[in-house]
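Overview (structure and organization)
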Amino acid sequence: MDHPSGRALQQFRNEVGIRFQLYNSLFTSLPFHRIEKTGILLSLLSNNCEEGYKRKSSPSAIIQEFFDKHTTYAKPDERNDLLFRFVQYIERQVVLFDALEDAAFKNVNDLNGVGSLKHLESEVLQGNKQDELAAKLNDFAIRLVLTAHPTQFYPGPVLGIINDLSKALAENNTSLVNTYLMQLGKTPFFKKKKPTPYDEAVSLIWYLENVFYPAAGRIITVLKSQFPDAMHNSNPVIRMGFWPGGDRDGNPFVTSETTLQVANALRGGIIKCYYMDVRKLRRRLTFEGVDVLLQELENKLYNNLFIPGFKTNLDTKEILSTLHGIREIIVHQHNGLFLHMVNNLINKIGVFGLHFASLDIRQDSSVHGKVLENLAGTANGLPVDYISLSDSEKINLLAAVKGQADEGKIQDPLLKDTLQTIRTIKDIQQYNGADGCNRYIISQCNSALNAMEVYGLFLLAGWKKEEMNVDIVPLFETIDDLKQAAAVMNTLYTHPVYREHLKRRGNQQTIMLGFSDGTKDGGYLMANWSIYKAKEELTRISRENGMDVIFFDGRGGPPSRGGGKTHKFYASMGHNIANKEIQLTIQGQTVSSNFGTIDAAQFNIEQLLNAGISNDLFSNRDITLSEREETLIQELAQEGFNAYKSLRDHPYLADYLLQVSPLRFYSETNIGSRPAKRGAASGLSLKDLRAIPFAGSWSQLKQNVTGYFGVGAALQVMEKRGKLLQLQKLYHQSLFFRTLLDNCEMAMMKSFFPLTAFLAQHKQFGDLWQMIHDEYELTKQYLFKITGNNELMADYPVEQASIQMRERIVLPLVTIQQYALTRIRELEEQGAPAQVKETYEKLAMRCSFGIINAGRNSA
């Protein structure tokens, strides 16, 4: 083990591991309902679990043995009451662990090490690359888009406690830690009702205000002080995006009214941040000539925040001109005193404007088709026989459509609202600025027609061609869609009207690529490789057409959904893939785990900036895959797909997830506003199932199938073909391939098969369980052959230790969940009435929160 990682591991053990044991003992002395007993009994259950799984006991047997051996509880009600208290207790242990990791972040991670801006600075100066950097920063940016997928289980008050708790832990303030732990004990974790999309937006705005706002300010200030000539005022370098309230794909609760409401909340949030900063400035800038200007600015911000009707009286130009005026006075009359504070605020305004984050609109392509079918034959240029026209005839019609649609002809409220939303974008731009809402994402985009349908709808909603300052963003997700993507884009690029639209948008086309559905559809290797190949093809076709393509990656938390070591993926893209901007979604849980504190956010944003900039600046590190290497990965991915297909198409797979995992309770967990299934049909097929519950269910089963299945089988086939040595070489030479397999190890590290080993004997599911377990073992065996290591994640000792500690905390929880699911199956087989099952269903559902929160990027 190299020296720095050894030191980091020691820091981690001291600051997180040992302190967790210490503060955990505080829990047992908290003055709550029988809590001492709960804490002591829980440690006995933990031991029982560890010993029981070594003896190959089932979760039911472990729980039964625990009650018989350590308690006098005989009645089911008493036993279940204790299990519910265990769940609450473990949830709070997870919060303590989160807070300890947050507090230790800057000591465990080297904030100025490889991948940081400090590191970039020394490389640029060493290589005399200042001019290249200035050219790159002319238009390079990263865009982090916050999405509210239902993987973040902490309600707002708990987020606040975690934040305060980690501060108190960092300061070693034991009495304050004790107080916060008491507060935590009394604060409910469970949401009684499903959150609305607006609630989701509010909880993410908390991160914008408390984390991204200060972190972005710090980063831009550092960049401007290190490279004053390289930064351009027209390019903010960091942009924030936002999906809650804008993403209506499969979420009937998002309406145009919601979108407007969220846009208002974003505007209010950023004005509040500016207002607080101006107040801080007033405490320092008490000099003549400056105080009056600041007072006026504070009043304007105050009026915009608190007085209705003041909304239109503010724009960023006005705020900036006041601040630039103050800057001049400070520089010329007051020796530049507190100048850094003024500069910091100016930098933040450059990033956040009055919009805070750009609200993306997203809808499924099938909805747009239905709206147009409903409008056919009304007085707006769409003929009665519109539906029977060919794709190319429809495209030409939509490109030239005139007149406004009369939505009175539409009965369906969803279709009506689709047109209303397109009109709402104009209102948002008026108040929040053009960046407030300027992208329309089309999910399930299968053809050029799907993109032109949206173009036509904008015209029908009253937008004029020359004022359409909105990007139409196709989203390609399934393996087949990814293969067709380049052909679809070529049709659009060569259509004169769409090309004209792109010209007005600066000859830039944003394309979104989704990782989640690809993995569900094609397995881990094929999904990742298909996206890599699609990016190469789309870059080629865009360059041929004189367009700059920008890729927007729909990455989830876990490796199976494009997460894991994300910045390493960006650092590994070769010159065949456009690198004008890095855009990615930061979903639910990943927000709190990677961007939960200012230090963590700054660190992770710097890593992404560094990855994107270094790729172009240091071309001597050519990481572009050669044709031979591409053929090798293609062959591997194809074999992985063949193996995954046998699982995906297994007749019992859907039943297995419904019966054995908590899948069927996903929509009852009240954590997200979206249903767990697309559409409302009953019965379950894999296609209906959203990718998030799919990945999340596997993670709670501790099987994480989507992160590795097919990898072992593929490597075994390659060995038989005599190609293992080539793959070993590729692992050590290609950052892309190495990151792919390292992420696979992370998914495996979070698996624990003894939990479900009892299913090997199950009459219906035994074969399926065995098939998954065999593939896990095979993958582990072959990964060790490729990497040369003899344990998973050996090259990431700190993360390895973190996962081990988290999995230990959560072991009783997954055991309780499996016990509850087994009881439900038994009661269903006995035909027991619904109310008897209800307690166990609640128990299984409640366990989900803690398990997913502890996983940090498990869904």
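Our subject in this report is the structure included herewith.

Procedures and definitions
- Residues numbered from 1 in each chain as written.
- Predicted model: local features only at pLDDT ≥ 70, side-chain atom pairs only at ≥ 80, totals over all residues.
- Heavy atoms only, no water.
- Helix = DSSP H or I, 4+ residues; strand = E, 2+ residues; numbered from the N terminus.
- Rg over C-alpha atoms; globule rule 2.2 N^0.38 Å.
- Buried < 20%, exposed > 50% of the residue type's maximum accessible area, 1.4 Å probe, protein only.
- Areas by Shrake-Rupley, 256 points an atom, 1.4 Å probe, with all protein chains shown as cover.
- Lys, Arg positive; Asp, Glu negative; His and termini not counted.
- Charge placed at Lys NZ, Arg CZ, Asp CG, Glu CD.
- Salt bridge = Lys/Arg side-chain N within 4 Å of Asp/Glu carboxyl O.
- Core = buried A, V, L, I, M, F, W, Y, C linked by side-chain atoms within 4.5 Å.
- Contact = heavy atoms within 4.5 Å.
- Axes fitted to C-alpha atoms, helices over the stretch in contact; angles between N-to-C directions.
- Parallel < 35°, antiparallel > 145°, perpendicular 65-115°, else oblique.
- Nonpolar A, V, L, I, M, F, W, Y, C, P; charged D, E, K, R; others polar.
- Phe/Tyr/Trp six-rings, centres within 6.5 Å; stacked < 30°, edge-to-face > 60°.
- Lys NZ or Arg CZ within 6 Å of the ring centre and 35° of its normal.
- Patch = residues over 30% accessible without salt bridge, like charges linked within 9 Å, V, L, I, M, F, W, Y side chains within 5 Å.
- Left-handed = near helix turned anticlockwise from the far one by under 90°.

1. A word on the overall build of the chain
Within the chain, the regular secondary structure consists of 33 helices and 9 strands. In terms of C-alpha radius of gyration, the chain reaches 28 Å, essentially the compact-globule figure of 29 Å for 859 residues. Seen through its principal axes, the chain has C-alpha atoms that stretch 75 × 70 × 60 Å. Here the chain holds 859 residues, and the buried ones make up 61% of them. Of the roughly 33,300 Å² of accessible surface on the chain, 51% is carried by carbon and sulfur atoms. Computing the positive centroid from 94 side-chain charges and the negative centroid from 94, the chain places the two 3 Å apart.

2. With respect to the pattern of salt bridges
Considering all chains together, one arrives at 45 salt bridges under this definition. Between Asp249 and Arg362 there is a salt bridge whose closest N-O contact spans 3.6 Å. With Asp249 in the loop between β2 (238–242) and α10 (256–284) and Arg362 in strand β4 (residues 361–364), this pair connects stretches of sequence that are 113 residues apart. This pair shows no difference in class: Asp249 is buried, exactly as Arg362 is. The shortest N-O distance in the salt bridge between Lys842 and Glu838 comes to 3.8 Å.

3. Some words on the nonpolar core
Leu208, Phe242, Leu323, Tyr656 and Ile772 are the most contacted members of the largest nonpolar core, which totals 266 residues. It is helix α4 (residues 76–108) that contributes the most residues to this core, 15 residues altogether. For Leu208, the contacting residues outside a window of four places in its chain are Leu146, Tyr213, Met240, Phe242, Leu266, Phe356 and Ala357. Val145, Val473, Leu475 and Phe552 belong to the second-largest nonpolar core, a separate cluster that totals 7 residues.

4. Regarding the packing of α10 against helix α13 (residues 339–352)
At a closest axis distance of 10 Å, the pairing of α10 and α13 adopts a crossing angle of 170°. As summarised for this structure, α10 and α13 are arranged roughly antiparallel, according to the angle between their axes. Facing Ile270, Tyr274, Asp277, Val278, Lys280, Leu281 and Arg284 of α10, the residues of α13 in contact are Met341, Val342, Leu345, Lys348, Ile349 and Phe352. Residue composition of the contact of α10 with α13, grouped by class: 9 nonpolar, no polar and 4 charged.

5. Topic: the packing of aromatic side chains
Summed over all chains, the structure comprises 27 aromatic pairs. Both rings, one in Trp243 and one in Phe552, keep their centres 6.2 Å apart while their planes meet at 85°; by these two values the pair is edge-to-face. With Trp243 in the loop between β2 and α10 and Phe552 in strand β8 (residues 548–554), this residue pair connects regions lying 309 residues apart in the sequence. Both residues of the pair, Trp243 and Phe552, count as buried. Pairing Tyr302 with Phe306 gives two aromatic rings, centres 4.7 Å apart and planes at 50°, and the pair type is tilted. Of this pair, Tyr302 and Phe306 both sit in helix α11 (residues 291–306), 4 residues apart, which is roughly one turn of that helix. For Tyr302, a relative accessible area of 37% corresponds to the partly exposed category. Over the ring of Tyr386 we find Lys394; its NZ or CZ atom is 5.1 Å from the centre of that ring. Above the plane of the ring of Phe552 lies Arg439, whose end atom (NZ or CZ) is 4.5 Å from the centre.

6. With respect to the environment of Gly462
For Gly462, the position within the fold is in the loop between α17 (448–460) and β6 (471–476). With 307 residues separating them along the chain, Gly462 and Pro155 place their C-alpha atoms 40 Å apart. The residues contacting Gly462, other than those within four sequence positions of it, are Gln404, Lys426 and Glu467.

7. Considerations on a nonpolar patch on the surface
Judged by side-chain polarity, Tyr302, Phe306 and Ile307 come together as a nonpolar surface patch covering roughly 280 Å² of accessible area. Assignment of secondary structure puts Ile307 in the loop between α11 and α12 (316–333). Ile307 sits in the partly exposed class, given a relative accessible area of 34%.

8. Thoughts on the packing of helix α25 (residues 627–648) against helix α28 (residues 711–720)
Where α25 meets α28, the closest approach of the two axes is 8 Å, and the angle between their N-to-C directions is 125°. Of the possible angle classes, the one that applies to α25 and α28 is oblique. You can see that α25 and α28 cross each other, and the crossing is right-handed. Taken together, the residues of α28 that come into contact with α25 (itself represented by Leu632, Glu635, Leu636, Glu639, Gly640 and Ala643) are Ala713, Ala714, Leu715, Val717 and Met718. Among the residues making up the contact of α25 with α28, the classes are represented as 8 nonpolar, 1 polar and 2 charged.

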